[in-house]
Structures are given as structure tokens and as C-alpha cells.
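Architecture at a glance
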Amino acid sequence: MAGKGWFYVALTCLFELVWVYGFNVATAWWHWIPIIAVILVDFQWLARACETLPTGTVYAVFAAVGTVGAALMDIFLFDGSFSVAKGAFMALLVVGVIALKLADGKTDSAGAAGQGG
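What comes next is a walk through the structure. The written sequence of each chain sets the order in which its residues are numbered from 1. Since the coordinates come from a predicted model, pLDDT governs what is reported: local features require at least 70, and pairs of side-chain atoms require 80 or more to be given and counted, while whole-chain, interface and lining totals use all residues. As a rule here, side-chain values come from all non-hydrogen atoms in the structure, and water together with hydrogens is ignored.

A few words on the packing of aromatic side chains. The criterion for an aromatic pair is that two Phe, Tyr or Trp rings (for Trp, the six-membered ring) have centres within 6.5 Å, with stacked assigned to planes under 30 degrees apart, edge-to-face to planes over 60 apart and tilted to the rest. Applying the stated criterion across every chain yields a total of eight aromatic pairs. Linked through ring pairs, W19, F23, W32, F43, Y59 and F62 together constitute an aromatic cluster.

By the criteria applied, helices consist of DSSP H or I runs no shorter than four residues and strands consist of E runs no shorter than two, each listed in order from the N terminus. Checked against the element boundaries, Y8 lands in helix α1 (residues 2-25). A relative accessible area of 11% places Y8 in the buried class. Throughout, a contact is declared for two residues whenever any of their heavy atoms are within 4.5 Å. Those residues in contact with Y8, other than ones at most four positions away along the chain, are W45, R48 and A49. Burial here depends on accessible area, computed with a 1.4 Å probe over protein chains only, as a share of the maximum for the residue type. Under 20% is buried, over 50% is exposed, and the range in between is partly exposed.

With that out of the way, let us pick up unusual backbone geometry. The backbone of D79 sits at a positive phi, close to 55°, despite the residue not being glycine. By secondary structure assignment, the location of D79 is in the loop between α3 (55-76) and α4 (84-115). What makes D79 exposed here is its relative accessible area of 73%.

A separate point is the environment of W45. As for its position among the elements, W45 is in helix α2 (residues 32-52). Judged by relative accessible area, W45 falls into the buried class, the value being 19%. In sequence terms W45 and V9 are 36 residues apart; their C-alpha atoms lie 7.2 Å from each other. Among all residues touching W45, those that are not within four sequence positions of it are Y8, L11, T12 and F15.

Worth remembering: the numbers are spatial, not functional.
Take a look at the structure:
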């Protein structure tokens, strides 16, 4: 069942980047209609991911993908600047999320072993 949860995480991360992009390109009031629709769908998928995966892990992945994705969109699509510091902190975010996931897995197996049958 966790595989389905990760599918929803992937969808919510993808849609998060869509609405963040929309924030940057919306120039008329009606542009916000599809952006709001995407946000509503996105948060439904975020909630579904939390049904089968630890909420902290789901949100950490969601936030990290959004942060790194927004920074990369700024650099590649909106003529933002890149620096070694930006690259290092984006890498640190990714490493932190991976470490959180690994630590979460260790907590789950230790907690299950300690509960007894």
C-alpha cells in the first residue's frame, strides 16, 4: 500500500511545481482559476499520500521538491542567478529528506519489533 502513497507523493510534487510556475506567469485574474483548481487537486493528493505514509516524510518531500523545483525554475525559466551556495543548499535539502526517510524507516522497524506480537 505504501507504493500507492509514493505515487500520490510524486503527483503532489509534480502539481506543486505546476502551481508554483502559475504563480510566476499569472497576469490576469482568470489565470488564477486553473491555478486554484490545481492547488485543490494537489492538496487532495497530498492528503491521500499521508493516509499510507508518515506525514512528516510526505511533507518533507513535498516541501523539498517545491523548494528545489522553484529555485531551479527561477534559474532556468525566469533568468534567476545560480551560485555555489544555492546549489549546496539545494543538495543539503535533498540529503536531509533522504536522511529523514531513512531515519523514519529505522523508527518503524524498531517500533514494530518493540511492540510484541
